[in-house]
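Coordinates in review
So you can see what is in the structure, the chains are spelled out below.
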Amino acid sequence: MAKFFCADASRQANEDMIGSGTPYVTYVLVECPMPWAFEAFDSLAIPQNLRDLVQEVWQAKLSIRFLLVAPQQRQPSQTKLLIYQQENEAFVGGYQKFEWDVDHIEQVAEIVRAYLAGERPKTVDLTNKVQDILICTHGIHDQCCAKYGLPFYRQAVSTVSQLKLDSIRIWKASHFGGHRFAPTAITLPDGRYYGALDEAMLKAILTRTGSILNLQSVYRGWGILPTFLQVLERELMFKCGWEWFNYKIKHTIIDQSENQDWLHVELAFKTLDNSIYRYRAELTQDLCKTLCLKGSCNAIKESKFIKYRVDQLSLHSVWSVGLSA
């Protein structure tokens, strides 16, 4: 019997990956050398105080995602800690970054606890805007992240070097969902998810060139939005082109059915000149695109992956420059 790969099954089914970007308010990225355990924070290099903190956050059901990351070349004398916090504004464009270099990984839990308590321990002063791209290479968690994630990670490092994009850091990352879309990535600070990436699509995303419609096959969604709204965000992105990546958004659920198979929503966006556009639409479960698939290579049974379509999209209002929403 041929070996099962969830990513191959998803591609063969022609699954539309939009709506699979898991939303989080906070990402906590901890540098840790590989190998990693199946559950990343059970890895031998993780101290007990950090495991305890991760467990506490999970039990409290906070919107915080802890991930392990590893760079191409590690500085043995330090451990990098990054926290990305969703912007606390009416219109949101991504996440604010806090970064620390610590002497020992045992110090990470203390800094994160202080941060979550509202303190702001002194961070690294970055003189330029650094973008972090996380690529899942957590092969022990799912074999597709080894089969597809690892080669793509190496290609991404090479591509960034060739393009001389010094403000972009590429990281190996532990599991963040969507194995069946491997190779999968998160770009920060914007917080967008991608899958089934190749060199050409990575270059297009990094340089914002070519037809934005090409993202149809690789864009999983924007992690600042609920998953069902991500299909509407993609629709507006295609309308606006690459300039969309400079805009900030705000969403409202106007009405919805009890089981969320239908929603009436509004998505407003603010342009660079502070003009505000409000679009309204109905989101309906798309029975033609909804699929039952194994969500990972180790899955015993199939899961139902609900997809939405955008109906009745219309421009509701426009606010001129200088006017408030």
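All of these numbers come straight from a predicted model, not from anything done at the bench.

Looking at the overall build of the protein
Helices and strands together make up the secondary structure of the protein, namely six helices and 15 strands. Taking 2.2 N^0.38 as the reference for a compact globule, 325 residues should give roughly 20 Å; the C-alpha atoms of the protein span a radius of gyration of 20 Å, in line with that estimate. The C-alpha extent of the protein, read off along each of the three principal axes, is 60 × 55 × 45 Å. With 325 residues in all, the protein has 50% of them scored as buried. Once local pairs closer than 6 in sequence are excluded, the contacts in the protein between residues at least 24 apart make up 68%. With an accessible surface of roughly 15700 Å², the protein has 49% of that area assigned to carbon and sulfur atoms. Averaging the locations of the 35 positively and 35 negatively charged side chains of the protein gives two centres separated by 3 Å.

Some details on the environment of V57
Along the chain, V57 turns up in helix α2 (residues 48–59). The exposure class assigned to V57 is buried, which follows from its relative accessible area of 6%. Taking the C-alpha atoms as reference points, V57 and A13, 44 residues apart in sequence, are found 36 Å from one another.

As for the sheet that holds strand β12 (residues 276–285)
One open sheet holds the four strands; their spatial order is β10-β11-β12-β15, and the pairing between them is antiparallel. Pairing within the sheet leaves two strands with one partner each, and these edge strands are β10 (248–256) and β15 (308–319). Each strand of the sheet is rotated relative to its neighbour by a mean of 20°, with strand direction disregarded. Sheet analysis places strand β11 (residues 262–270) next to β12, joined by nine bridges and oriented antiparallel.

Points about the environment of F269
Tracing the chain through its elements places F269 in strand β11. Measuring from C-alpha to C-alpha, the distance between F269 and K248 comes to 5.5 Å, with 21 residues separating the pair along the chain. Not counting chain neighbours up to four residues away, the residues in contact with F269 comprise F91, L236, C240, W244, Y247, K248, I249, S275, I276, Y277 and Y279.

A look at the side chain of T137
Structurally, T137 can be placed in the loop between β5 (131–136) and α4 (143–162). The exposure class of T137 is buried, given its relative accessible area of 2%. T137 has contacts with M34, W36, C145, G149, L150, Y153, K172 and A173, leaving out every residue within four places of it along the chain.

What to know about the nonpolar core
Nonpolar side chains in soluble globular proteins generally cluster together in the buried interior. Residues Y27, L29, L134, I170, L215, W244 and L283 are the most contacted members of the largest nonpolar core, which totals 62 residues. Examining the composition of this core, we find that six residues originate from one element, α4, more than from any other. Contacts of W244, omitting those with residues within four sequence positions, involve R192, W222, E233, L236, M237, I249, L267 and F269. If you look at the next biggest cluster of nonpolar residues, it comprises 26 residues, including V28, I46, L68 and A109.

Cut-off values and rules
- Every residue gets a number counted from 1 within its own chain, in the order that chain's sequence is written.
- Residues qualify for local features only when their pLDDT is at least 70, as the model is predicted, and side-chain atom pairs are given and counted only at 80 or more; totals for whole chains, interfaces and linings, by contrast, use all residues.
- Side-chain metrics rest on all non-hydrogen atoms present in the structure, leaving aside hydrogens and water.
- Here a helix means four or more residues in a row that DSSP labels H or I, a strand means two or more in a row labelled E, and each is numbered from the N terminus.
- Values of the radius of gyration come from C-alpha atoms, whereas the globule rule sets the reference at 2.2 Å times the count of residues to the power 0.38.
- In this scheme, a residue with accessible area under 20% of its type's maximum is buried, one over 50% is exposed, and one in between is partly exposed, where area comes from a 1.4 Å probe on protein chains only.
- Any two residues having at least one pair of non-hydrogen atoms within 4.5 Å are treated as being in contact.
- Computed by Shrake-Rupley with a 1.4 Å probe, the accessible areas treat only the displayed protein chains as cover when residues are assessed.
- For the purpose of counting charges, residues Lys and Arg are taken to be positive, whereas Asp and Glu are taken to be negative. His and the chain ends are not included.
- To locate a charge, take NZ of a lysine, CZ of an arginine, CG of an aspartate or CD of a glutamate.
- In short, DSSP must find at least two bridges between two strands for them to pair.
- Interaxial angle, 0 to 180 degrees, is taken between N-to-C directions of lines fitted to C-alpha atoms, where a helix line uses only the stretch in contact.
- We call a set of buried Ala, Val, Leu, Ile, Met, Phe, Trp, Tyr and Cys residues a nonpolar core when their side-chain atoms join them within 4.5 Å.

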